[in-house]
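What follows is the residue order along each chain.
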Amino acid sequence: MGLFKRKIVDERVQNIQNKIYREIYYIVSIICLISLITKMIIYGRGVEHVATELIILFVCGIYYSYRAMYTGVLSEEVEIHDANSKFRSSTKTVFIGILIGVLIALAMGLNSGINYADSNAQAIEYFFMVFLISLLIYAPFLAIFLFIGHQSAVKKSKQINDKMLKDDEDTW
């Protein structure tokens, strides 16, 4: 019967291991970003050359968000962040969505101005036209999408955290 066999865990050792795992995650992410940038410079803008790096970065982010949400840690992280930071986490999420929208609009505007214009005046016209239209489409969409995703993840994490606390109270 494994009922009374409890595994003794030293919290100090476990915390150090978690720090090491976090450092490994950062190292792998930085190596993937360097590889992604290097391949884009060498091979061009095709996604087929950097698909592995994109998948690694995307899956790691999704996995962390999922695990943080379903263990109840995300709501605690947000509360700690909001208590210690000048800007709320949700505000930063909206600004990140707007910033990504601006970057996408800039890239699309530059692409249109460089690749499709016949003269400098037409390049400037194409740049601003595509930039403004892309900005109007992508910035609000990404800001709203990221905000709603962030809020729903925090809400779900809080529900799970409350359920775990209730279960702990019921066992006493």
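Residues numbered from 1 in each chain as written. Predicted model: local features only at pLDDT ≥ 70, side-chain atom pairs only at ≥ 80, totals over all residues. Heavy atoms only, no water.

Caption draft 1: Layout of a nonpolar patch on the surface. There is a patch of nonpolar side chains on the surface, built from Ile-16, Ile-20, Tyr-21, Ile-24, Val-28 and Ile-56 and spanning about 510 Å² of accessible area. When residues of the nonpolar patch are assigned to their parent elements, the largest contribution, five residues, is made by helix H1 (residues 11–43). On the secondary structure map, Ile-16 appears in helix H1. (Patch = residues over 30% accessible without salt bridge, like charges linked within 9 Å, V, L, I, M, F, W, Y side chains within 5 Å. Areas by Shrake-Rupley, 256 points an atom, 1.4 Å probe, with all protein chains shown as cover. Salt bridge = Lys/Arg side-chain N within 4 Å of Asp/Glu carboxyl O. Helix = DSSP H or I, 4+ residues; strand = E, 2+ residues; numbered from the N terminus.)

Caption draft 2: Representation of the nonpolar core within the structure. With six residues, the main nonpolar core is built from Ala-68, Met-69, Leu-74, Val-78, Ala-153 and Val-154. Of all the secondary-structure elements, those providing two or more residues to this core are helix H2 (51–70), helix H3 (73–84) and helix H5 (120–171). Apart from the residues within four sequence positions on either side, Ala-68 is in contact with Val-73, Leu-74 and Ser-157. (Core = buried A, V, L, I, M, F, W, Y, C linked by side-chain atoms within 4.5 Å. Buried < 20%, exposed > 50% of the residue type's maximum accessible area, 1.4 Å probe, protein only. Contact = heavy atoms within 4.5 Å.)

Caption draft 3: Summary view of the pattern of salt bridges. A complete count under the given rule lists two salt bridges for this structure. A salt bridge links Lys-39 to Glu-53; the shortest N-O distance between them is 3.0 Å. In this pair, Lys-39 sits in helix H1 while Glu-53 sits in helix H2, placing the two residues 14 residues apart along the sequence.

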